[in-house]
Amino acid sequence: MSFGRLERRQGPQPMSEINVTPLVDVMLVLVVIFIITAPLLASSIRLDLPRTDAATPNEAPAFVTVVLDQSGGLFLDDRPTQAGELAEQLAQAARRNPDTEVQLRADRTIPYGRVVEVMGAAQKAGLNRIGFVAQPPAAAGPAR
């Protein structure tokens, strides 16, 4: 009669080491998820900000345009004017806003002395911000 085997085989031995490969895989996936979602969480703060007039953007800076054409004519904001009137009108602009900029457009044939006179009138009026308007080389007309 045979009741079974007499010899006993040992079963598989328990694993005494931890397999860290699945643990590392899971941790890397979590790190990637945190790297992707962290900036989204930080920038999605919803606020109901208070309202104030100080938050409106500033106006564009004030400026007046002075033009000296090739015939020697003097224009302030596209209106013809004389040298005496120019000083008075620039002084009025300076009283309204001392930070007003003078944009000076002079034909290239105008003598330098005439341009300096206009600059002096602007400075006497209290306007120290003077900008010279020119064309870029590509848009310039034919050379004379």
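In this report, we go over the structure that sits alongside the text.

Right, let's talk about the overall build of the protein for a bit. On a plain count of helices and strands, the protein comes out with three helices and five strands. Ordering the α and β elements of the protein from the N terminus gives α-β-β-β-α-β-α-β. When each of the 144 residues of the protein is scored for burial, the buried share is 17%. Sequence separation of 24 or more characterises 66% of the internal contacts of the protein that already satisfy a separation of 6 or more.

Sheets are built from strands that pair by backbone hydrogen bonding, the pairs being arranged parallel or antiparallel. With respect to topology, five strands assemble into an open sheet ordered β3-β2-β1-β4-β5, the strand pairing being mixed. Edge positions in the open sheet fall to β3 (79-81) and β5 (129-132), since each of these has one partner strand only. Geometrically, the sheet is characterised by an average inter-axis angle of 30° between neighbouring strands, direction not taken into account. Pairing geometry for strand β1 (residues 63-68) and strand β4 (residues 101-106), over six bridges, is parallel.

A negative phi angle is the norm for most residues apart from glycine, just as the trans form is the norm for most peptide bonds. Its identity is not glycine, yet D77 carries a phi of approximately 50°, on the positive side. Take D77: it is sitting in the loop between β2 (74-76) and β3. Non-glycine residue D78 carries a positive phi angle of around 65°. Along the chain, D78 turns up in the loop between β2 and β3. Taking relative accessible area as the criterion, D78 reaches 67% and is therefore assigned exposed.

Cut-off values and rules
- Sequence positions are assigned chain by chain, starting from 1 and proceeding in written order.
- Since the coordinates come from a predicted model, pLDDT governs what is reported: local features require at least 70, and pairs of side-chain atoms require 80 or more to be given and counted, while whole-chain, interface and lining totals use all residues.
- As a rule here, side-chain values cover all heavy atoms of the structure and leave hydrogens and water aside.
- Under the scheme used here, helices are H or I runs from DSSP no shorter than 4 residues and strands are E runs no shorter than 2 residues, and both carry numbers assigned from the N terminus.
- Three labels apply to residues, based on accessible area from a 1.4 Å probe with only protein chains included: buried if under 20% of the type maximum, exposed if over 50%, partly exposed otherwise in between.
- The contact criterion used throughout is that any non-hydrogen atoms of two residues lie within 4.5 Å.
- What makes two strands pair is DSSP finding at least two bridges between them.
- Note on geometry: axes are lines fitted to C-alpha atoms, helical ones only across the stretch in contact, with angles between N-to-C directions running from 0 to 180 degrees.

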